Amino acid sequence: MTLTNTTIIAAGLTLVTGAAFAQEPVLTVYTYDSFASDWGPGPGVEVAFEEICNCDLQFTATGDGAALLARLRLEGERSDADVVLGLDTNLTAAAVEAGLMAEHGITAEGLTLPVAWDDPHFLPFDWGYFAFVHRASMENVPGSFEALAASETSVVIQDPRSSTPGLGLLMWVQNAYGDDAPAIWEALADNVVTVTPGWSEAYGLFLDGEADMVLSYTTSPAYHLIAEEDDSYASATFSEGHYMQIEVGGVLQTADNPELAQQFLDFMVSPAFQAIIPETNWMYPAAMPAESLPDGFETLAQPETALIYPAAEAAAVRDEALATWQNALSQ
Amino acid sequence: MAKRAQPVTLIQTIGGVFTLLVALAILAPLGAVIFRAEGFTDLRAADWAAVRFTLLQAALSAFVSCIAAIPVARALARRKFYGRGVYISLMGAPFILPVIVAVMGLLAIFGRAGWLNAALEGIGAGTIEIYGMVGVVMAHVFLNLPLATRLLLQAWLAVPAERIRLAHSLNFTAQDMRRHFGWPLLRATLPGAALVIFLICTTSFAVALILGGGPAATTIELAIYQAFQFDFDLGRAALLGMVQVAICVGAGLIVWRFANATEFGGGLDRPALSWPGDRPLSRGIDGAALILAGAFLLLPLAAVAGQGIGAVTGLPISTWEAALRSVLLALASTTLAVTLALPIALLIAGKAARAGLEGVGLLSIAVSPLVIGTGLFLIVFPIANPVTLSLPITGLVNALVALPFLLRALIPAARQAEATQGRLADALGMRGMARLRHAILPRLGRPLGFGAGLAAAFSMGDLGVIALFSAQGQETLPLEMYRLFGSYRTNDAQGAAVLLMALSLGMFWLFDQGGRANAAS
C-alpha cells in the first residue's frame, strides 16, 4: 500500500512542480532548520540571490548541522543538493572524506574571521564564539573553566551526540586543556545541572531559571538587546580563550548545476548575503568589517584568544573527547 | 456450542490483510536501513549500558504510572461530581503534549526555580532536586498516568450497571467489590496498560536526557541518534533498532501470559450506579486521589498556559498556517488509524485469532521513530523526492503510532461485545454487516471515540518524522514551535505551545465526546 500510494502521489507532485518551474534553473541548497525558518536568514537570502541569478533558489532544511551531514550521506550520489550550507568545521572533514564535496576554486577576499582560511572545499559564511551566557545581574561570574568548576555556579549544556554546540564544548575543553581535559570535566560534573538534546531545550531551561549559565554564543545577548530591547543578558569571558564555530558552505560533487552553485558561494561571502546574517542568524558574518555590524554588536564580549582545531584534527580528537566527557559525567 | 469455530468473516479477512500491511510498513523501513548499511556493526559497551538504563527507567515508569492510576480510575468510576467530564478530558492533556512543553511545565512546578521549591524555601524546608532517575520517572508518570487512568477507566465503565445493582442488593462490602470487580478488572487491564506505557518509555529520548541529568541517562533512542548522526554507523543504528523490537516482543510475550480476559456478562448499558460498600473513608480516599492527580497533572499545564497565553494572539501568520496544516493532518491520520484499527481489533477479538497478532499493533510504539523515518526515507528516495511527500508520510507514520492505543482500547471492548452479544446474534442468524452494526459497533462507540481522540491529539503533537523530511511551507505546528524556540523567539514558542495544547485537547475532547454520544444511543 505504501509503495503504490506514494508512487501515485509522487507522480502527481512531480508533474505539478516540474511544470511550474520549467523555465528557470533550480538551485537546491540543503541547510539546517533555523537557517531556512521564517525568522532565519533563509527568506532574505532567497530574495537577494534570485535578484541576480535568474534562477529559483530552494532550501531544504534538516534538523541541525549533524543531521544535515547525515542526510547528505544517506542520499549519497543521488542527492538533489547543489550546495550544502551550515556544516561547521567539526563536521567538514567527514563530509570531504565521504566524497561528497567538490572544490570551490574561489579565493575569498576580505574575510573577517579571527583565523586564516584556506579550505579548498568550503567557504565560511558566519562564525561565533561559544560562551556561557548568564544574567547581567549575576555576581561572581567565573572567568575560566577552572573558576567555573571551583564555584557553585550551575550550568546547562547540550549533548555532543545530538547537537553541534554540545560537540563544540567538547572541542573547547579539549583544545584549551589537552591532557588535563578529563580532570576539568570531572571537576565540572557537579556544576552541570543537566544535559539537553539540543540548544533550544538548554536555552529554554536557562531562561526559566533552572541554571545560572547556559552554553551558547557570545552573540546571544545581541538577540535580547536588539530584538527584545533587553540588556539583562551577558556572556562570560574565559581567560583560556573561546572555541569558535565557523559555519561553512560548499558545492556538492553531485551538483546538477555547478556554475550556479559556484555563483552562490561567491554571493555567500558578498555584502548582500553577509548583511542579512547578524540579525537573523545572530552570529558574526564571515566577511564584514566590525564597524558595519548593527548597533548593539559592539557591546558583546570580545575573547582575547580564538581557539579552533583545523578540520582534520577536529575529526581525529572527536571520539576520544566524547569518551572523556561520557566517563566524567556518567559517575 | 462454546467451542464452535466462528466463521471467518469478510471484516476479519480485511483485518488480516491490514495486519500484514502494518507489519510491513514498520519492518520494511528497518529492513531498508539494514540493507543500506550492508550488515551490522557490533554494539559497544556504552550501547548495552543504554539498553539497561532504558529497561530500568521504562519498567519503573510503567509500574509507577499504573499503580498511581488505580485509585484515580476507581474514583472516577464510582464518583459523580460537577465537572467530571472536563476533569477527564483535561487530565488527558499531558499525554499529547510535545516533550519539550511537558518538561517545561513540570520544571515550572518541580524545577530549581519552580513553585514547589519556592514554597519550600519560603517555609525554610530546603529544596528538592528533580534531575536524575526520579525526574525521569516523574516526567514519564506525568505523561502516561492519563493514559493508564483512561485505559483502566474504560474497563471499569464497561461493567454493566445491572451487575453493580445486583451487588447492591446482595449487600456487597467494599472488600467484596474488590474481590468480584476491582481485582479481576485490574488483572485483565493492568498488564496491557503497563506494557503500552513500558514501550512508550523505551523510545523516550529527550525526557530521559533532560531530566536524567547527563550521559548516564542514555536511552537506546539516543544511542541510535549517536550511531546515526555522530558516527553515521547505520549498521549499529539498525541493530539498536532491532534490540528495541526484541524488547517489545519480549515484553509482549511476558505480559500476554498475565493478561486474562474478564467477562462480566451482558448488561443493558444503563449508566453506572454508585458502588456498594461506600463508606466515608472511601469517599475521602477517592477525593484525595482526584485532587492529588489533578494537581500533579494540571498545575504544570496551567504553568505552560500561563506562560504562553498572552502570546497567542500575536503569533505570526505562519504559525496559524502550521496549525491548520496540523489539524488537517491529524484528521487524515485519525481516519487512517481508525480504518486500520477496526478490522484488526475485530480479527484479534474474534475466536479465530492467533496469539501474537496483537504484537503487530504494538510494534509501532517500540520501533525507533528515527529508524522508521530513516528507513522510509531510503525506501521513498529512489522513487520520489521525500520532501514533497513529507506530509503524507507523516500522516501514515502518525496513524501507525496511534494504532496500538486504538487497539488497546478496542480489543477488550470487541471481545466483550462478542462474548455478551455474540450468542444472541448467532441465534438471530446475524452475520456480516448486520451483526457488526447492531451487535458489535454500538459497544465500541466509547473506546472508538477515545481511541480516535488519542490518535488525533497524538498526531497533532507529534514531531517525529516531519523533522527528518521537513520542507519549506510544510511545517506542522510542533515543528513550527521548535523552530520558534530555536530562533530565540521563546515567547512566540510558548504561545505556539498553548495553541498546540488547546487544539490537541479540543480534538481529543470532540472525538471522545462523539464516542460517548454513540455509546448512549
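Heads up: the structure comes first, above all this text.
Below is a summary of the structure that appears in this document.

Another point: the overall build of chain A. A tally of regular secondary structure across chain A gives 13 helices and 11 strands. A globule of 331 residues ought to have a C-alpha radius of gyration of about 20 Å, and chain A, at 21 Å, matches this closely. Along the three orthogonal principal directions, the C-alpha set of chain A runs to about 65 × 50 × 35 Å. A buried classification covers 60% of the 331 residues belonging to chain A. Nonlocal contacts in chain A, meaning residues at least 24 apart in sequence, comprise 78% of its contacts between residues at least 6 apart. With 6 positive and 48 negative side-chain charges, chain A shows a separation of 14 Å between the mean positions of the two kinds.

Here we take up the pattern of salt bridges. According to the stated counting rule, one finds 14 salt bridges over all chains in the structure shown. For B:R483, the salt bridge goes to A:D33, with nearest N and O atoms at 2.6 Å. On the criterion of chain membership, the pair formed by B:R483 in helix 20 (residues 477–486) and A:D33 in helix 2 (residues 33–36) is interchain, its members lying in two chains. You'll find B:R483 and A:D33 in the same group, each marked buried. One salt bridge connects B:D233 with B:R236, and the closest N-O pair in it is separated by 3.5 Å. Each member of the pair, B:D233 together with B:R236, is buried. Through salt bridges with shared partners, a single network forms among A:R318, A:D319, B:R44, B:D47, B:D231, B:D233 and B:R236.

Facing the 63 residues of chain B at the interface are 65 residues of chain A. Of the roughly 5500 Å² buried where chain B meets chain A, counting both sides, 64% is carbon and sulfur surface. Scanning the region where chain B abuts chain A turns up 2 salt bridges. Taken together, the connections running from chain B to chain A amount to 13 residue pairs in polar contact (both at pLDDT 80 or more). By residue number, the principal contributor to the side of chain B that touches chain A is helix 20 of chain B, which donates 7 residues. Across the side of chain B that touches chain A, the residue classes break down as 39 nonpolar, 18 polar and 6 charged.

Residues and elements named next belong to chain A. Tallied over the entire structure, the rule returns 1 disulfide over all chains. Residue C53 pairs covalently with C55 via a disulfide, S to S 2.1 Å. Across the disulfide from C53 to C55, rotation about the S-S bond amounts to roughly -85°, and the bridge is consequently left-handed. In this pair, the class of C53 matches that of C55, namely buried.

Before going further, it helps to examine the side chain of A:H134. Considering the arrangement of structural elements, one finds A:H134 in strand 4 (residues 122–135). Setting aside anything within four residues of it in sequence, one finds A:H134 in contact with A:V141, A:F206, A:D212, A:M213, A:S232, A:Y233, A:A234, A:S235 and A:A236.

The next point concerns a negative patch on the surface. A surface patch of negative charge is lined by A:E146, A:D179, A:D180 and A:E320. Look at A:E320 and you get exposed, because its relative accessible area is 56%.

We now examine the packing of aromatic side chains. Throughout the structure, instances matching the rule amount to 37 aromatic pairs over all chains. Among the aromatic residues, those joined into a ring-pair cluster are A:Y32, A:F35, A:F49, A:F59, A:F125, A:F264, A:F267 and A:F273. Over the ring of A:F206 we find A:R135, and its NZ or CZ is 4.5 Å from the ring centre. A cation over an aromatic ring shows up here: A:R318 above the ring of B:F230, its NZ or CZ 4.0 Å from the ring centre.

Among the nonpolar cores identified, the biggest contains 276 residues, and A:F132, A:F145, A:I157, A:W172, A:F264 and B:L147 are the most heavily contacted of them. It is helix 17 (residues 390–427) of chain B that contributes the most residues to this core, 16 residues altogether. Leaving out residues up to four positions away in the same chain, A:W172 has contacts with A:F130, A:A131, A:F132, A:F145, A:L215, A:F238, A:G241, A:H242, A:Y243 and A:L307.

Put simply, side chains in a regular strand alternate between the two faces of the sheet. All names here are of chain A. Strand 3 (residues 83–88) sits mainly inside the fold: 6 of its 6 residues count as buried. Where strand 1 (residues 26–31) and strand 3 come together, 3 bridges link them in parallel fashion. Looking at the pairing, T31 lines up with L85 of strand 3.

With that out of the way, let us pick up helix 17 of chain B. Along helix 17 of chain B, the sharpest kink reaches roughly 50°, centred on B:Q421. Positive phi appears at B:G429, one or two residues downstream of helix 17 of chain B, with a value of about 70°.

Compared with the 28 Å implied by 1.5 Å per residue over 20 residues, the 28 Å span of helix 13 (residues 311–330) of chain A between its first and last C-alpha is a close match. Those residues of helix 13 of chain A that fall on the buried side of the exposure criterion are A:A314, A:V317, A:R318, A:A321, A:L322, A:T324, A:W325, A:Q326, A:A328 and A:L329. Against the buried residues of helix 13 of chain A lie strand 5 (155–158), helix 7 (164–177), helix 8 (181–188) and strand 6 (192–196) of chain A together with helix 11 (220–230) of chain B.

All names here are of chain B. The residue S459 is located in helix 18 (residues 432–461) in this model. A relative accessible area of 4% means that S459 is categorised as buried. A polar contact is formed between the side chain of S459 and the side chain of S333, at a distance of 3.1 Å. One polar contact links S459 to N398, side chain to side chain, over a distance of 3.0 Å. Sequence-distant contacts of S459, defined by excluding residues within four places in its chain, comprise L329, A330, S333 and N398.

What counts and what doesn't
Residues numbered from 1 in each chain as written. Chains lettered and ligands numbered in written order. Predicted model: local features only at pLDDT ≥ 70, side-chain atom pairs only at ≥ 80, totals over all residues. Heavy atoms only, no water. Helix = DSSP H or I, 4+ residues; strand = E, 2+ residues; numbered from the N terminus. Rg over C-alpha atoms; globule rule 2.2 N^0.38 Å. Buried < 20%, exposed > 50% of the residue type's maximum accessible area, 1.4 Å probe, protein only. Contact = heavy atoms within 4.5 Å. Lys, Arg positive; Asp, Glu negative; His and termini not counted. Charge placed at Lys NZ, Arg CZ, Asp CG, Glu CD. Salt bridge = Lys/Arg side-chain N within 4 Å of Asp/Glu carboxyl O. Buried area = accessible area lost by both parts, 1.4 Å probe. Polar contact = N/O pair within 3.5 Å; in protein donor to acceptor, adjacent residues only side chain to side chain. Nonpolar A, V, L, I, M, F, W, Y, C, P; charged D, E, K, R; others polar. Disulfide = S-S within 2.5 Å. Patch = residues over 30% accessible without salt bridge, like charges linked within 9 Å, V, L, I, M, F, W, Y side chains within 5 Å. Areas by Shrake-Rupley, 256 points an atom, 1.4 Å probe, with all protein chains shown as cover. Phe/Tyr/Trp six-rings, centres within 6.5 Å; stacked < 30°, edge-to-face > 60°. Lys NZ or Arg CZ within 6 Å of the ring centre and 35° of its normal. Core = buried A, V, L, I, M, F, W, Y, C linked by side-chain atoms within 4.5 Å. Pairing = 2+ DSSP bridges. Bend = angle between axes of the 7 residues up to and from the residue. Expected span 1.5 Å × (residues − 1).

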